[in-house]
Amino acid sequence: MLKTKDIRQTLKNIEEYLLDEYKEMQEEQKRDWRTYEQQLTGRIKNALRNLRPLIEESVSAIAVSRERGRTPELTLQQKVTLLLMKQLFTRSNRNMSSMLAAFSLLSDIDVSYKTVERLYSDPEVELALHNLHVLVLKKKGVKKIRGSGDGTGYALSISKHYASEAQKRRDKAKTQPQRKKAFVYAFKMLDIDSGLYICYGMSMKSEKRAFDSAMKMLKRLDVNVESMRLDRYYSFPSYVDRFGEARVYVIPRKNATVKGSWKWKRTMKRFVDDPLSYLEEYYQRNHSESGFSVDKRWFGWKVEQRRDDRIEVALACQNIWHNLFYLYKD
């Protein structure tokens, strides 16, 4: 019969010697960075080569009815293409607008920087991006996943003009923009076998809300979770229970108990009975950390958009590019 003291003793054993034993069992694999960069370059080229037909298919199911208003300067296909290209090159709206002179030779797109920014809050574009995400999962044949979930954060640089405050204080000094740092939380669920992001969520408040948003997205997808690996932040029975029949691998907290659902008890029993095998499964969560590292090296650690809805679309574009790169991975 499993007892609370069994869980805590196993944790103690892991910290004292089992973790070192586990690490010794793993073969150290050194990455060949030259080969890695060549493979990444090849995947990017393949993603760009196949981008147009994927976008065409993702927007083909969207029918828009307009009774009034000015005809948009860009088609929905052009909007999605432009937004994804901007995120890929991590250019500002003004810079991207200037660069369109070169792109227009191929695409006949020539719009202002304000038009580029408005794409982030265009509901048609958001719908097309979701369709593109689902299409990539379908193309890869993702139906059942061995998942890994983790949270990360991105910096936001927000300018706040304080002229009104200066006027209140009768400060005649030249007004200057006052900058402060803000933070956006993101949670992404990854399929270990394919390397694709299955679902994701963001929040300006907490990682928990980002997780909740990702779980809502998961429910809308035709994907079954066979197993899931989460860090200690989610080491509570309530989080384990949210994955239904799927096996969940978490490292319990030091004050963990057997109190909770039967699923929590079964999870802790696997942890106690065979900790080395459990750790081997749990540490496949490193795939999530590796994915974050690659994404941030390519797209940066900061999101330039200011509005919440536009921040969400910017992060969705990054996730789509990540999936496009892995869609054509050998």
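If you're wondering where the values come from, they're calculated on a predicted model, not measured in any experiment. (Residues numbered from 1 in each chain as written. Predicted model: local features only at pLDDT ≥ 70, side-chain atom pairs only at ≥ 80, totals over all residues. Heavy atoms only, no water.)

Chemist: I tried to follow the packing of helix α3 (residues 51-60) against helix α7 (residues 123-140) on my own but got confused; where do I start?
Modeler: The description of two packed helices rests on the angle between their axes and on the distance between the axes. In contact at an axis separation of 8 Å, α3 and α7 are set at 120° when each is read in the N-to-C sense. The handedness of the crossing between α3 and α7 comes out as right-handed. Counting all contacts with α3, which are made through Leu54, Ile55, Glu57, Ser58 and Val59, the residues of α7 involved are Ala128, Asn131, Leu132, Leu135 and Lys139. (Axes fitted to C-alpha atoms, helices over the stretch in contact; angles between N-to-C directions. Helix = DSSP H or I, 4+ residues; strand = E, 2+ residues; numbered from the N terminus. Left-handed = near helix turned anticlockwise from the far one by under 90°. Contact = heavy atoms within 4.5 Å.)

Chemist: When you look at the pattern of salt bridges in this model, what are you seeing that I'm missing?
Modeler: If the charged atoms of two oppositely charged side chains come close together, the side chains can form a pair. Counted according to the given criterion, the structure contains 14 salt bridges. Between Arg285 and Asp150 there is a salt bridge, with its nearest N and O atoms 3.1 Å apart. A residue pair is termed long-range when its members are at least 10 positions apart, and Arg285 in the loop between α12 (275-282) and α13 (286-299) and Asp150 in strand β1 (residues 144-161) qualify at 135 residues. Given the relative accessible area of 7%, Asp150 is considered buried. Of the charged contacts, one joins Arg285 and Glu289 as a salt bridge, the two residues approaching to 3.4 Å between their closest N and O atoms. Residue class for Arg285 comes out buried when judged on its relative accessible area of 9%. In this structure Glu289 comes out as partly exposed when scored by relative accessible area, which is 37%. (Salt bridge = Lys/Arg side-chain N within 4 Å of Asp/Glu carboxyl O. Buried < 20%, exposed > 50% of the residue type's maximum accessible area, 1.4 Å probe, protein only.)

Function cannot be read off these values alone, since they describe shape.
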